[in-house]
Amino acid sequence: MSKEQTSRGEPKELNPMLMGSRIHYLRRVSSTNDVASELAYQGAPEGTVVVAEAQDEGRGRLRRRWFSPPGGLWISVILRPRGGPIDALRITLTAGLSVVEVLRDLYDLKATIKWPNDVRVKSRKICGVLSEMDSIEDQMDHVVLGFGLNANVNEFPEELGEEATSLIRELGKKVSLFELSKELLKGLEKWYLVLQRDGFEPILKEWVKHSDTLGRRVRFKDQEGLREGEAFGVDLDGSLLVKIEGETRKIFISDYIYVD
Ligand code: BT5
């Protein structure tokens, strides 16, 4: 029996219209991740989506500010992963892959992923992914997966300087947020289904083709101080594998820079 046949019979199979089966469309919120998290605790089903036109307290990892004016796609999805080691890190990588594919398929734009959560075009960040796991009594209850995609955002604050870009900047025209969100959710659903059914390996195989991190020298800080090495792979747990003075280190912390 082929893998496909096996998987077809599995109870884990998802409804193909899962992502976006319920959509909360809001004008202005603090953070779509916060709204989605509240809804999830109230029992909102998997695939529930929260979209906002603008966020007052959009955030990145470590509660860093995420610039979220009108024009961008600020969207969060509630996931309730079942079984297997499906954690926030692997979901982040899966989400990045979905973004790269949608940019390619809709706009013929070549994007790359800086492990773990930055999607970049010509080395500038066009999208950030934030996945947050919420637990009840030490048990993972749900994951809120947020995408901040600079779609029709033309101006960026000075502090982002040359670090950021957007679809309108790259394409020279406005894009449809409706079409973008629909296709993004479709792509996410495709890969999330693979993740649930077949595990992380097939995703990783695809992910590495789009990453601009592998093969690069990276510098990061750990308890021992400033470290430098070559990023040469991503493990099945989603961690970055870095060779430092002949030894392999697994990196879960994710603040690092490319050295060259
Ligand atoms: C991220 O964090 O890249 C995750 C961003 C996730 C945002 C979405 S929007 C929908 C949902 N609701 C939320 O509240 N959040 C999610 P991190 O890797 O920590 O990167 C944050 C850094 O990116 C900041 O410190 C800035 O340097 C930079 N940055 C901020 N806003 C940006 C923007 N619009 N475009 C590009 N870079 C930005």
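All values reported here derive from a predicted model rather than from experimental measurement. (Residues numbered from 1 in each chain as written. Predicted model: local features only at pLDDT ≥ 70, side-chain atom pairs only at ≥ 80, totals over all residues. Heavy atoms only, no water.)

Undergrad: Mind showing me how you'd approach the packing of helix α5 (residues 177–198) against helix α6 (residues 201–210) here?
TA: The description of two helices packed together rests on the angle between their axes and the distance between the axes. Close contact between α5 and α6 brings their axes to 8 Å; oriented N to C, the two are set at 135 degrees. With respect to their mutual orientation, α5 and α6 come out oblique. Packed against α5, whose contacting residues are Trp191, Val194, Leu195 and Asp198, the element α6 presents Pro202, Ile203 and Glu206 at the interface. Its residues assigned to classes, the contact of α5 with α6 comprises 5 nonpolar, no polar and 2 charged. (Axes fitted to C-alpha atoms, helices over the stretch in contact; angles between N-to-C directions. Helix = DSSP H or I, 4+ residues; strand = E, 2+ residues; numbered from the N terminus. Parallel < 35°, antiparallel > 145°, perpendicular 65-115°, else oblique. Contact = heavy atoms within 4.5 Å. Nonpolar A, V, L, I, M, F, W, Y, C, P; charged D, E, K, R; others polar.)

Undergrad: How should the sheet that holds strand β6 (residues 124–136) be read in this particular structure?
TA: In space, the 7 strands of this open sheet follow the order β1-β2-β3-β7-β6-β5-β4, with mixed pairing throughout. Two strands lie at the open edges of the sheet, namely β1 (22–29) and β4 (112–114), each paired on one side alone. Strand-to-strand twist of the sheet, defined as the mean angle between neighbouring strand axes without regard to direction, takes the value 20 degrees. In this sheet, β6 lies alongside strand β5 (residues 118–121) in antiparallel orientation, the contact comprising 4 bridges. Bridge pairing in β6 links Val119 to Cys127. Set on the sheet, α5 makes contact with β2 (48–55), β3 (73–79) and β7 (139–149); between it and β3 the angle comes to about 30 degrees. (Pairing = 2+ DSSP bridges.)

Undergrad: Would you explain the sheet that holds strand β9 (residues 225–234) in this entry?
TA: In sheet architecture, strand pairing relies on hydrogen bonds along the backbone and comes in two forms, parallel and antiparallel. The sheet built from 5 strands is open, its strands ordered β11-β10-β9-β8-β12 with antiparallel pairing. Every interior strand has two partners, whereas the edge strands, β11 (247–251) and β12 (256–258), have only one. Within the sheet, the average angular offset between the axes of one strand and its neighbour, ignoring direction, is 40 degrees. With 6 bridges connecting them, strand β8 (residues 217–222) and β9 associate as antiparallel partners. Looking at the pairing, Arg217 lines up with Glu230 of β9.

Undergrad: Can you help me understand the site of the ligand in this one?
TA: Taken together, 27 residues lie near the ligand, and Ser31, Arg59, Arg61, Lys125 and Asn150 sit nearest. At a separation of 3.1 Å, a nitrogen atom of the ligand approaches a polar side-chain atom of Thr32. The separation between an oxygen atom of the ligand and a polar side-chain atom of Lys125 is 2.7 Å. Surface burial for the ligand is 92%, taken as the share of its 790 Å² of free accessible area covered by protein chains. Assessed atom by atom at 2 Å from the grid points, the ligand resides in the largest pocket. Elements with a minimum of two residues in the shell around the ligand: α2 (32–41), β3, β6 and β7. (Near = heavy atom within 4 Å. Polar contact = N/O pair within 3.5 Å; in protein donor to acceptor, adjacent residues only side chain to side chain. Areas by Shrake-Rupley, 256 points an atom, 1.4 Å probe, with all protein chains shown as cover. 1 Å grid on protein atoms, 1.4 Å probe; cavity = no way out; pocket = protein on both sides within 12 Å on 5 of 7 lines; lining within 4 Å. Sits in = over half its atoms within 2 Å of the grid points.)

Undergrad: Hey, could you run me through the pattern of salt bridges in this one?
TA: Side chains that differ in charge, positive against negative, can pair when their charged atoms come close. Throughout the structure, instances matching the rule amount to 26 salt bridges. With a shortest N-O distance of 3.3 Å, Arg80 and Asp141 are connected by a salt bridge. Taken together, the residues Arg80 in the loop between β3 and α3 (88–107) and Asp141 in strand β7 connect sequence positions 61 residues apart. For Arg227, the salt bridge goes to Glu224, with nearest N and O atoms at 3.4 Å. (Salt bridge = Lys/Arg side-chain N within 4 Å of Asp/Glu carboxyl O.)

Undergrad: Is there a simple way to explain the nonpolar core in this structure?
TA: The tendency in soluble globular proteins is for nonpolar side chains to be buried as a group. In this structure, Leu103, Trp115, Phe147 and Leu167 are the most contacted members of the largest nonpolar core, which totals 57 residues. The element best represented in this core is α3, accounting for 10 residues. (Core = buried A, V, L, I, M, F, W, Y, C linked by side-chain atoms within 4.5 Å. Buried < 20%, exposed > 50% of the residue type's maximum accessible area, 1.4 Å probe, protein only.)

Undergrad: Where do I start with the packing of aromatic side chains in this structure?
TA: Considering all chains together, one arrives at 3 aromatic pairs under this definition. Taking the centre distance of 6.2 Å and the plane angle of 40 degrees together, the rings of Trp115 and Tyr256 count as tilted. Of the two residues, Trp115 sits in the loop between β4 and β5 while Tyr256 sits in strand β12, which places them 141 residues apart along the sequence. Taken together, Trp115, Tyr256 and Tyr258 form an aromatic cluster joined through their ring pairs. Above the plane of the ring of Tyr258 lies Arg216, whose end atom (NZ or CZ) is 3.9 Å from the centre. Directly above the aromatic system of Phe232 lies the positively charged group of Lys243, at a separation of 5.0 Å from the ring centroid. (Phe/Tyr/Trp six-rings, centres within 6.5 Å; stacked < 30°, edge-to-face > 60°. Lys NZ or Arg CZ within 6 Å of the ring centre and 35° of its normal.)

Undergrad: What's the story with α3 in this structure? I'm lost.
TA: For an α-helix, 3.6 residues make a turn, and residues three or four places apart therefore share a direction. For α3, with 20 residues, the first-to-last C-alpha span of 28 Å sits near the 28 Å given by 1.5 Å per residue. Downstream of α3 by one or two residues, Asp108 has phi in the positive range, about 60 degrees. (Expected span 1.5 Å × (residues − 1).)

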